[in-house]
Amino acid sequence: MKKLSLLFLSFASILCYTQETTTYQKPSKEILELAEAELAPSIRMDSKGENILFLNRSNYKTIEELSEEELRLGGLRINPITNIGSRTRYYTGIDIKIGKKGDIKKVSGLPENVRLANFTWSPDQKLMAFTNTVSKGVELWVLDIASATAKKISNANLNANINDPMTWFKDSKSLLVKIIPNNKQPLINTKEAIPTGPTISISEAGVEAQNRTYQDLLKNKNDEFNFEQLVLSDIYKIDLDGSSSLWKQSDMYLNTSFSPDGNYIMVTTIKKPFSYLVPYSRFPSNTSIYTATGEFVKTVLEVPLIEDLPKGFMAERTGKRDLNWRNDKPATLYWAEALDEGNPENNVPFRDEVFQQDAPFDGPIISILKTKDRFRGITWGNDNLAIAYDYWWNTRNTRTYIFNPSNPLETPTVLFDRNYQDVYSDPGSFVTVKNNYDESVLDLDKNNAFLLGDGYSEKGKFPFVDEINLETKQTKRLYQSKLTDKLENIVFALNAKAGEIVVQIESKSEYPNYYIRNIKKRIAPIPLTKFENPFKSIQNVSKEIIKYKREDGLELTGTLYLPTNYVKGKKYPMIMWAYPREYKDKSSAGQNTSNSNEFTFPSYGSPIYWVTKGYVVLDDASFPIVGEGDEQPNDTFLKQLVSNAKAAIDAVDLLGYIDRTKVAVGGHSYGAFMTANLLSHSNLFAAGIARSGAYNRTLTPFGFQSEERNYWEAPEIYNTMSPFMHANTMKTPLLLIHGEADNNSGTYPLQSERYFNALKGLGAPVRLVMLPKESHGYAAKESILHMLWEQDQWLEKHLKTN
């Protein structure tokens, strides 16, 4: 008995050392100062650049907020008390600047401790609607721009559980609003409900349903009931004075959209049966047209349950899809239909066909375009001109077409035909303007249109404005940024014909601010904002883009930071942070999109904090995984992964900055997957940090990331790429961090838990930190500060101690 007691005590002591109970910790003061720096507000600017809203925000949620009641149903996360998405990020106040030369002032009329979301301009942009979440629900508010005054126009009874809760009428005098119905039934407490029987799922012979591993799915009849009750809404018309009238009775409303002339409304509702395999976006739905007064016109689309699409990223359902209004017509619907039965493996000359039909939607359906690859959208111009786009993921190709929507017999002209990963050849995006329906259409000057581009090249990023003749396809450069000590980004065109654009200008130490630049006049840009740098302690940090080559000659880059206390000649430990990306050609994979003049912003997941602690940081190191021709990128994933890492370390070591025996690697999500693989298949690193990753690809058997093949088609790929399968080779200290409520496809918490168990069972040095209530991206201040503390402790232990 005595021996048994000793054995029990010995086992208990082991348990004590394998589990730690701790409260939330905070990182060192150098990191904490950066993490708690006050963020600049987010802005909402009208299309004329005259009026700007400054939306104040907190850096983080609190763990108390994340602990509010939450139901996870059909891919939604809902607070059933307030009836809004439980993960909604709120704004805490509004300031406003009226006129380009006006002063910033506080909006009046708002209560204290507001939680604001769902901002939407009125069509005339004289008003801004938004929601305020209170303890028991969601209110509708409207801000009058001219008076800078906000007022509440509804009770706390909006249903903001799914998509936008309100839509403006075209006259800017009323809104269509989803309201909690009076006959809503009490929800079932699924934790306490007594089951009435088993849950049974059925697969019919020969019907394949190869779906990703979605999270937060419905699981049983109780979930179905609760989902329906939470999505059900009445739709009310609410005027600006707060008066309201019932517009449509209770249904599971998904979307509402006015025709450009405001005379019709397209309404989409969710239908049954629900699914336990896919989220609500693939549930059955009906789309019907109503008049603005609510009279039924026609059901224009009925979509069945989508569980069994063909295999491949380019698979589509058959029938109408991408149903929308033509922006340049009063009330004309257009949509696409697959010509290949939605199956990428079917070889056809055209993949999709685009149709249109005019109001009242009982006349002829007219074919207006066929696309060689999958239809991606249209920028409407006028009766005789529109721009269409297609793409094909497998080849990374995209086309831009010019076509005449009034003459389907006229052959479309292919304006651009290019690899969309080839950023150096990107011609830019077409400029649009508001038409008399307050809808965005192509900005045309006779036969000319305008393009705004990022301007990436081997020399850096120099955004541009081009004029393009749509008949000759010839372009004329109207403007290109020449800033070399700062970074300029073009936000949008205020008036392309007059040469007025809104730009954002920043530098390593200057926070991004907005300006109006006139490209026809040689005058300094006019500032619209004056945000200060909140990260003073790192504003002078040494930062450069380094270029180096992989062993196969592929050019790579990374953003290199030196410690704030850097002493020349001294060697420092290094943190490398990266995220692998797949390419189909080496030329695109080797292109540089980083810029040393980009503002140094330590986001919550960034490694930049550690420049204050004596570390060299290589951030956003290039990790391309290339598969050219018939070869897929993942066919040589591990070889390329290790080659990328070695090239990066070699490059920084050659500069004389680091002790290469003290290098850590880290990443989030697919970057965590990368980290675990590097520690398993190389001896390049002294430690690793892997956050919210997936480590066993057999748990995602129908594809992951950019892998189309399923496990049974390519078992060697899944097994070889899974760190879990190589846990016996992983001997490097690894810090695993994961949100307990991760909702990302494939990265459910079980991935980290099972990987930790495997590593621990094989004696690897590993620590697992599960963050309560956190999703794939972390939100609560307590969680993020603790995460930074964990990472800091791990790095100090394994990179700074011998």
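Residues numbered from 1 in each chain as written. Predicted model: local features only at pLDDT ≥ 70, side-chain atom pairs only at ≥ 80, totals over all residues. Heavy atoms only, no water.

1. Brief notes about the overall build of the protein
Part 1 of the argument: Secondary structure summary: the protein contains ten helices and 49 strands in total.
Part 2 of the argument: At 28 Å, the protein has a C-alpha radius of gyration in line with the 28 Å of a compact globule built from 802 residues.
Part 3 of the argument: In terms of overall dimensions, the protein has C-alpha extents of about 85 × 75 × 60 Å along its principal axes.
Part 4 of the argument: Within the span of the protein, comprising 802 residues, buried residues form 55% of the whole. (Helix = DSSP H or I, 4+ residues; strand = E, 2+ residues; numbered from the N terminus. Rg over C-alpha atoms; globule rule 2.2 N^0.38 Å. Buried < 20%, exposed > 50% of the residue type's maximum accessible area, 1.4 Å probe, protein only.)

2. What to know about empty space enclosed by the protein
Part 1 of the argument: Using the criterion set out here, one finds one cavity of 30 Å³ or more in the structure.
Part 2 of the argument: Together, Lys61, Glu65, Leu66, Glu68, Asn79, Thr82, Ile84, Gly85, Ser86, Tyr90 and Arg115 line the largest cavity.
Part 3 of the argument: Mapped onto the lining of the largest cavity, the elements with two or more residues apiece are helix H3 (63-66) and strand S5 (84-85).
Part 4 of the argument: When grouped by side-chain class, the residues that make up the lining of the largest cavity number three nonpolar, four polar and four charged. (1 Å grid on protein atoms, 1.4 Å probe; cavity = no way out; pocket = protein on both sides within 12 Å on 5 of 7 lines; lining within 4 Å. Points joined across faces, edges and corners; volume = space filled by probe spheres on them. Nonpolar A, V, L, I, M, F, W, Y, C, P; charged D, E, K, R; others polar.)

3. Digging into the pairing of strand S19 (residues 296-303)
Part 1 of the argument: In the sheet, strand S18 (residues 285-291) pairs with S19 via six bridges, with the strands oriented antiparallel. In the strand pairing of S19, Thr287 is matched with Leu301.
Part 2 of the argument: Here S18 folds back onto S19 in antiparallel fashion, the turn holding four residues, of which Gly294 has a positive phi close to 100 degrees. (Pairing = 2+ DSSP bridges.)

4. Side note on the sheet that holds strand S16 (residues 253-258)
Part 1 of the argument: Taken in spatial order, the four strands line up as S16-S17-S18-S19 in an open sheet, and their pairing is antiparallel. Taken across any chain shown, the strands that pair with only one partner, and hence form the sheet edges, are S16 and S19. Here the average twist between neighbouring strands, direction ignored, is 20 degrees. (Axes fitted to C-alpha atoms, helices over the stretch in contact; angles between N-to-C directions.)

5. Digging into unusual backbone geometry
Part 1 of the argument: The amide bond that connects Lys272 to the next residue, Pro273, takes the cis arrangement and shows omega of 5 degrees.
Part 2 of the argument: Among the secondary structure elements, Pro273 is positioned in the loop between strand S17 (264-270) and S18.
Part 3 of the argument: A cis amide bond links Ala359 with the next residue in sequence, Pro360, at an omega value of 5 degrees.
Part 4 of the argument: When you line up the elements, Pro360 lands in the loop between strand S22 (352-358) and strand S23 (366-371).

6. What about the packing of aromatic side chains?
Aromatic ring pairs: the centre-centre distance and the angle between the two ring planes describe each pair.
Part 1 of the argument: In the structure shown here, the tally under the stated rule is 35 aromatic pairs.
Part 2 of the argument: When the ring of Phe119 is compared with that of Phe130, the centres are 5.1 Å apart and the planes differ by 20 degrees; the resulting orientation is stacked. Pair noted here: Phe119 is in strand S8 (residues 116-121) and Phe130 is in strand S9 (residues 127-134), with a separation of eleven residues, a long-range link. For the residue pair Phe119 and Phe130, the accessibility class agrees, reading buried in each case.
Part 3 of the argument: Judged by centre distance (5.9 Å) and plane angle (85 degrees), the ring pair of Tyr511 and Phe531 falls under edge-to-face. Within this pair, whereas Tyr511 is found in the loop between strand S37 (500-506) and strand S38 (513-518), its partner Phe531 is found in the loop between strand S39 (526-527) and strand S40 (543-549), the two being separated by 20 residues in sequence. Each of the two residues, Tyr511 as well as Phe531, counts as buried. (Phe/Tyr/Trp six-rings, centres within 6.5 Å; stacked < 30°, edge-to-face > 60°.)

7. Remarks on the environment of Arg581
Part 1 of the argument: Of note, Arg581 is situated in strand S43 (residues 581-583).
Part 2 of the argument: A sequence separation of 61 residues divides Arg581 from Lys520, and the C-alpha atoms of the two residues are 39 Å apart.
Part 3 of the argument: Excluding residues that lie within four positions of it along the chain, Arg581 makes contacts with Asp620, Phe623, Pro624 and Ile625. (Contact = heavy atoms within 4.5 Å.)

8. Digging into the environment of Ala647
Part 1 of the argument: Within the fold, Ala647 resides in helix H6 (residues 637-654).
Part 2 of the argument: Residue classification places Ala647 among the buried positions, given a relative accessible area of 8%.
Part 3 of the argument: Dropping the residues within four chain positions of it, Ala647 is found in contact with Tyr548, Lys549, Arg550 and Leu556.

9. What about the nonpolar core?
Part 1 of the argument: Grouped together as the largest cluster of nonpolar side chains are 57 residues, with contacts concentrated most on Met576, Leu618 and Phe685.
Part 2 of the argument: With nine residues, H6 is the single largest residue contributor to this core.
Part 3 of the argument: Setting aside chain neighbours within four positions, we find Phe685 in contact with Met576, Ala645, Ile649, Val663, Ala664, Val665, Leu678, Leu679 and Thr732.
Part 4 of the argument: Ile31, Ile52, Tyr514 and Phe535 belong to the second largest nonpolar core, which has 47 residues in total. (Core = buried A, V, L, I, M, F, W, Y, C linked by side-chain atoms within 4.5 Å.)

10. Focus: the pattern of salt bridges
Part 1 of the argument: Considering all chains together, one arrives at 37 salt bridges under this definition.
Part 2 of the argument: Between Asp322 and Arg321 there is a salt bridge; the shortest N-O distance is 3.3 Å.
Part 3 of the argument: Between Glu510 and Lys486 there is a salt bridge whose closest N-O contact spans 3.2 Å. Highlighted residues: Glu510 in the loop between S37 and S38 and Lys486 in the loop between strand S35 (475-480) and strand S36 (487-495), separated in sequence by 24 residues.
Part 4 of the argument: Look at Glu510 and you get partly exposed, because its relative accessible area is 34%.
Part 5 of the argument: Residue Lys486 is classed as partly exposed on the basis of its relative accessible area, which comes to 27%. (Salt bridge = Lys/Arg side-chain N within 4 Å of Asp/Glu carboxyl O.)

11. Re the side chain of Asn518
Part 1 of the argument: Residue placement: Asn518 occurs in strand S38.
Part 2 of the argument: The exposure class assigned to Asn518 is buried, which follows from its relative accessible area of 12%.
Part 3 of the argument: Polar side-chain contacts of Asn518 include one of 2.9 Å to the backbone nitrogen of Lys520.
Part 4 of the argument: With residues near it in sequence (within four places) discarded, Asn518 still touches Ala498, Gly499 and Glu500. (Polar contact = N/O pair within 3.5 Å; in protein donor to acceptor, adjacent residues only side chain to side chain.)

12. Looking at the sheet that holds strand S4 (residues 76-79)
Remark on secondary structure: sheet strands pair via backbone hydrogen bonds, oriented parallel or antiparallel.
Part 1 of the argument: Ordered in space as S3-S4-S5, the three strands form an open sheet in which the pairing is antiparallel. Either end of the sheet is taken by a strand with one partner, and the two such strands are strand S3 (71-73) and S5.
Part 2 of the argument: With three bridges joining them, S3 and S4 adopt antiparallel strand pairing. In the sheet register, Leu71 faces S4, and the bridge partner there is Ile78.
Part 3 of the argument: Running at roughly 100 degrees to S3, helix H4 (residues 221-231) makes contact with S3 and S4 of the sheet.

13. Section: the environment of Asp144
Part 1 of the argument: On the secondary structure map, Asp144 appears in strand S10 (residues 137-144).
Part 2 of the argument: Of the residues examined, Asp144 reaches a relative accessible area of 29% and is grouped as partly exposed.
Part 3 of the argument: Residue contacts for Asp144: discarding those within four places in its chain leaves Lys126, Leu127 and Thr149.
Part 4 of the argument: Within polar-contact distance, the side chain of Asp144 engages the side chain of Ser147 at 2.7 Å.

14. Quick notes on the confidence of the model for the protein
Part 1 of the argument: With 97% of its residues at a pLDDT of at least 70, the protein reaches an overall mean of 94.
Part 2 of the argument: Confidence over residues 1-17 falls short of pLDDT 50; this stretch has zero contacts with residues more than four positions distant or in other chains. (pLDDT = per-residue confidence, 0-100.)

15. With respect to H6
Part 1 of the argument: Taking 1.5 Å per residue as the helical rise, H6 with its 18 residues ought to reach 26 Å, and the 26 Å between its terminal C-alpha atoms agrees with that figure.
Part 2 of the argument: Turning to H6, its buried residues number three or more, namely Phe637, Leu638, Gln640, Leu641, Ser643, Asn644, Ala645, Ala647, Ala648, Ile649, Ala651 and Val652.
Part 3 of the argument: Gly656 lies just past H6 and shows a positive phi near 85 degrees. (Expected span 1.5 Å × (residues − 1).)

16. Things to note about H4
Every α-helical turn comprises 3.6 residues, leaving residues that sit three or four positions apart pointing alike.
Part 1 of the argument: A large share of H4 lies buried, amounting to eight of its eleven residues.
Part 2 of the argument: What H4 keeps buried is the set Asp223, Glu224, Asn226, Phe227, Glu228, Gln229, Leu230 and Val231.
Part 3 of the argument: Buried residues in H4 make contact with S3, S4, strand S14 (233-239), strand S15 (244-251), S16 and S17.
Part 4 of the argument: Of the residues flanking the start of H4, the one acting as N-cap is Asn220, its side-chain oxygen 3.1 Å from the backbone nitrogen of Asn222.

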